[in-house]
Amino acid sequence: MLFRSTLSSELGESARIAVAAIRANKLRSGLTTLGVVIGILTATLVGTMINGMGEAFTRSVSSMGSDVLFIGRFPWMSFEDYRVYRNRRDITFAQYRELESRMTTTSVMAPQCEAFQASVSYERRRAKGVWLLGNTPESLTIRGLTVAQGRWISASDVSSSRPVCVLGSYLAEAFFPNDTAVGKKVRINDTPYEVVGVIEKMGSMLGWNQDNQAVIPISRFQDDVQRRPDYVITLKARSPDTVSETLEEARSIFRNIRRIEPGRPDDFAINQQEAITKFFDGFKAVLGTFGFFVTGLSLFVGGIGIMNILFVSVAERTKEIGIRKALGAKRRSILSQFLMEAAGITLLAGLIGVGIAWPISWKIGEIARANGSVFEARMSWWIVALALVVSAATGMVAGFIPAWRASRMDPVDALRSE
């Protein structure tokens, strides 16, 4: 108990002396912390961005479902051999029908057509670069969508090829900011369609606005957009645990349907959520590495500055150290005094860095939301705590050598110094 009391009083005294030293040299301390401020600012912003992107990405990609497979000509997130993929045979509706009749491990299947440069207009307003899809009633379940207003495409819409559509929330808000979209007439590629529903907001994924879409009956897509479209076949496994089984069955049957000889590579791709997740994880790793490099460099420069200022501080207060040691101060008291001084300077720098990062991250989030993204640049408490711990640790590491040297001073030599 006595040891704890003594240690506590020593630490308290060291903290008071350290605070007094920092106050006495405000300008010098402030200039020295600039590198640490930049490092903590960078680390906090990068951490906040990665955290926000991760949450937004998880919300966006979760709608696809981990138990859903997409059979198409092109593999997702592959940027090589585009010419090979482009020259692959189209996937036809007849192939979809045959696959549907032979699959045994799926809960639901649906064909899908899509075009990425459609235009949608209402009165004098026009949106270009719209993602236009031809879907069926089953697509709602497979794609994991929620209808916020009205209804989804029905079986009668498909069978009778009705000119109806379901809009993404971005288009609905742009065309009808103060009114409901359901029941209104829009023009898709200059063909009139009645809006029967609006999809709940989905947000952006890897910079792609998923709410800038319009869905029409797949039969209507064939009539108005492309007579012989290149289909994507969507399959939903019975459960997430049977995805591998469903994938292997679909691959085997589809190779047979497309008459691919044994030993030859597939001329189609079976995509799933995992491909996008892996790509995003790699992107986060690159961003994190860049942030770590800039942060490490800034903290290194800041640490050198802290070390220099501590060496200067020790030299200026040599007599003070000698007097304290002559009066009975222990080495650990001198060591803790200068370590606390270094940690206090860098902790202050950390607080400044976090204080600057907070409004910047908030503004970035505001800009993202204004552009239709669900990105949230939220500064989590653990990011703030980690930034402050790192800043304090930087000071203690950088100040250890001068603090150790001060604690090892001989009191007689220290008192003789001028």
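Structure: above.
This section reports on the structure supplied with the text. The residue count restarts for each chain, going from 1 along the sequence in the order it is written. Local features in this predicted model are restricted to residues whose pLDDT is 70 or higher, and side-chain atom pairs enter the listing and the counts only when it is 80 or higher, whereas totals over whole chains, interfaces and linings include all residues. For the side-chain quantities, the full set of heavy atoms in the structure was used; hydrogens and water were omitted.

Numbering of helices and strands runs from the N terminus, with a helix taken as a DSSP run of H or I at least four residues long and a strand as a DSSP run of E at least two residues long. Structurally, the position occupied by D157 is in helix α7 (residues 155–159). In contact with D157, not counting residues within four places along its chain, are R151, W152, R162, V164, P217 and S219. Whether two residues touch is decided by their heavy atoms; if any such pair falls within 4.5 Å, the residues are in contact.

This next bit is on the packing of aromatic side chains. Ring geometry is summarised as follows: Phe, Tyr and Trp rings, the Trp one being its six-membered ring, pair when their centres sit within 6.5 Å, and such pairs are stacked at plane angles under 30 degrees, edge-to-face over 60 and tilted between the two. Overall, the coordinates contain 7 aromatic pairs when judged by the stated rule. Centroid distance F175 to F176: 6.2 Å. Interplanar angle 75°. Geometry classified as edge-to-face. What makes F175 buried here is its relative accessible area of 4%. Each residue is placed in one exposure class: buried if its accessible area under a 1.4 Å probe, protein chains only, is under 20% of its type's maximum, exposed if it is over 50%, and partly exposed if it falls in between. Taking relative accessible area as the criterion, F176 reaches 6% and is therefore assigned buried. With 5.0 Å between their ring centres and 90° between their planes, F254 and F268 make a pair best called edge-to-face. Here the residue F254 occupies a position in helix α10 (residues 243–257), and F268 occupies one in the loop between α10 and β12 (269–272), the gap between them amounting to 14 residues. The two residues F254 and F268 agree in class, both being buried. An aromatic cluster is present here, built from F93, Y96 and Y231 joined pairwise through their rings.

Bringing the packing of helix α11 (residues 273–316) against helix α14 (residues 381–407) into the picture now. Between α11 and α14, whose axes approach to 9 Å, the crossing angle comes to 35°. Here α11 and α14 pass one another in a crossing that is right-handed. Note on element contacts: α14 touches α11 through V390, T394, G395, A398, G399, I401, P402, R405 and A406, opposite L299, G303, I306, M307, L310, F311 and V314. All amino acids are sorted into three groups, where Ala, Val, Leu, Ile, Met, Phe, Trp, Tyr, Cys and Pro are nonpolar, Asp, Glu, Lys and Arg are charged, and the leftover types, Gly among them, are polar. Taken together, the residues of the contact of α11 with α14 break down into 11 nonpolar, 4 polar and 1 charged. Helix axes are fitted only over the stretch in contact, all axes being lines through C-alpha atoms; the angle between N-to-C directions runs from 0 to 180 degrees. Crossings are sorted by hand: turned counterclockwise from the far helix by less than a right angle, the near helix makes the crossing left-handed, and turned clockwise it makes it right-handed.

On to the pairing of strand β1 (residues 68–72). In terms of burial, β1 is largely enclosed, as 5 of its 5 residues are buried. The two faces of β1 match: V68, F70 and G72 on one face and L69 and I71 on the other face are all buried. As paired strands, β1 and strand β11 (residues 232–237) are joined by 4 bridges and run antiparallel to one another. Within β11, the position partnered with F70 by the bridge is T234. Of the strand pairs in this sheet, β1 and β12 are connected by 4 bridges, and their pairing is antiparallel. Of the residues in β12, the one forming a bridge with L69 is Q272. DSSP calls a pair of strands paired once it identifies at least 2 bridges connecting them.

All right, on to the pattern of salt bridges then. Opposite charge on two side chains permits pairing when their charged atoms draw close. Salt bridge, as used here, is a side-chain nitrogen of Lys or Arg placed within 4 Å of a carboxyl oxygen of Asp or Glu. Scanning the entire structure with this criterion turns up 15 salt bridges. In this structure, the salt-bridge partner of D67 is K236, at a minimum N-O distance of 3.2 Å. Remark: K236 occurs in strand β11 and D67 occurs in the loop between α3 (34–62) and β1; sequence separation between them is 169 residues. K236 gets classed as buried once you look at its relative accessible area, which sits at 18%. Notably, a salt bridge pairs R73 with D90, separated by 3.6 Å at the nearest N-O pair. Of this pair, R73 sits in the loop between β1 and α4 (82–86) while D90 sits in the loop between α4 and α5 (93–102), and the two are 17 residues apart along the sequence.

Viewed as axis vectors pointing N to C, α5 and α10 meet at an angle of 135°, and their least axial separation amounts to 10 Å. As far as their axial angle goes, α10 and α5 are oblique. Of the two possible hands of crossing, α5 and α10 adopt the one that is right-handed. In contact with Q95, E98, L99 and R102 of α5, α10 contributes E249, A250, I253, F254, N256 and I257. Of the residues that constitute the contact of α5 with α10, the class distribution is 5 nonpolar, 2 polar and 3 charged. Any angle between 65 and 115 degrees counts as roughly perpendicular, while under 35 counts as roughly parallel, over 145 as roughly antiparallel, and the rest as oblique.

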